[in-house]
Each structure stands twice: as C-alpha cells, then as structure tokens.
Amino acid sequence: MLPHLTAIENIILSMNVSNLKTSNKEQKAIELMKSVGLRENQKDRRVLKLSGGEQQRVAIARSLSYNPEMILADEPTGNLDKETENDILEILKNLAHKENKCVVIVTHSENVCNQADVVYELKKVKS
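Residues numbered from 1 in each chain as written. Predicted model: local features only at pLDDT ≥ 70, side-chain atom pairs only at ≥ 80, totals over all residues. Heavy atoms only, no water.

A. Structural view of the pairing of strand β2 (residues 102-106). Pairing between strand β1 (residues 70-74) and β2: five bridges, direction parallel. In the strand pairing of β2, I71 is matched with V103. (Pairing = 2+ DSSP bridges. Helix = DSSP H or I, 4+ residues; strand = E, 2+ residues; numbered from the N terminus.)

Right, dumping it as structure tokens:
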C-alpha cells in the first residue's frame with residue numbers, strides 16, 4: 001500500500017492499475033471496505049493513521065478490487081493482536097469457502113496454521 005494515500009485512494013489505485021471497468025469506482029471501493037469490516041467514514045483516512053488491523057483490511061479490499069481467483073497473503077496477521085488476527089482469518093476463510101477464492105498464506109503463526117484447510121511446512125534439509 002502507498003502510505004501517503006487514503007484507504008479509498010489505495011483501493012481505487014488498484015482498480016486503475018488493473019484497468020477495472022466499473023461505472024463508479026468509489027462506490028465499489030466503499031463496498032469492498034464494508035465487506036472486510038471497515039466503515040465508510042474511514043475511507044478518507046491516510047493508511048498510516050489506521051491501526052494495523054485496519055491496514056490489513058484495506059490491503060485485502062485492495063486485493064479484491066479486481067476480483068482475483070487467487071489471493072497470496074504474506075504474514076497477513078503479523079503484528080496483530082489475537083482478536084484482530086482472528087478477524088482477518090475469518091475474512092480470508094470466508095473468501096476461500098464462500099467466494100471460492102484460492103487463498104495462500106505464508107505464516108509463522110501456529111494459530112493461522114491451526115485454522116488452515118491445508119498446511120505445507122518448509123523444513124531445512126540435513127545435508
């Protein structure tokens with residue numbers, strides 16, 4: 001995300017980069033924000049003024065702005081408190097189970113692994 005932009009500007013930027021064709025990008029961005037648990041009155045706040053969990057929600061909304069089939073999330077719950085971590089995991093699980101998105105998460109969190117459908121663990125090979 002670009003820290004000098006607002007939440008909604010970050011989401012709309014993603015739509016512009018992906019050449020998304022929609023009649024009202026701002027309304028679509030607001031709908032995406034609401035879908036990940038953000039309020040409409042947060043749209044004009046700069047990303048750096050948002051909490052870590054709110055920033056993650058903007059990042060998820062931004063990634064959904066062009067309707068991808070797959071979402072790659074690198075430590076999406078890093079630096080979040082347990083409650084916010086669980087909120088973010090619920091969003092990602094709903095994307096996988098209800099919207100049929102392929103969600104791939106890279107994590108060091110045991111809690112995230114325990115909630116995943118499939119876990120692959122990287123281990124150092126002894127030489």
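B. Local environment of a nonpolar patch on the surface. Where nonpolar side chains cluster on the molecular surface, the patch consists of L2, L13 and V17 and spans about 250 Å² of accessible area. Within the element layout of this structure, V17 appears in helix α1 (residues 7-17). Classification of V17 as exposed rests on a relative accessible area of 65%. (Patch = residues over 30% accessible without salt bridge, like charges linked within 9 Å, V, L, I, M, F, W, Y side chains within 5 Å. Areas by Shrake-Rupley, 256 points an atom, 1.4 Å probe, with all protein chains shown as cover. Salt bridge = Lys/Arg side-chain N within 4 Å of Asp/Glu carboxyl O. Buried < 20%, exposed > 50% of the residue type's maximum accessible area, 1.4 Å probe, protein only.)

C. Seen up close, the pattern of salt bridges. The tally for this structure, following the rule as stated, stands at seven salt bridges. Between K34 and E40 there is a salt bridge whose closest N-O contact spans 3.7 Å. The exposure class assigned to K34 is partly exposed, which follows from its relative accessible area of 48%. Residue K43 is joined to D44 by a salt bridge in which the shortest nitrogen-to-oxygen separation is 3.2 Å. The class of D44 is exposed, set by a relative accessible area of 52%. Salt bridges sharing partners connect three or more residues here, namely E26, K43 and D44.

D. Geometry of the side chain of T107. One can find T107 in the loop between β2 and α5 (110-115). At 2.9 Å, the side chain of T107 forms a polar contact with the backbone nitrogen of S109. Leaving out residues up to four positions away in the same chain, T107 has contacts with E75, V112 and C113. (Polar contact = N/O pair within 3.5 Å; in protein donor to acceptor, adjacent residues only side chain to side chain. Contact = heavy atoms within 4.5 Å.)

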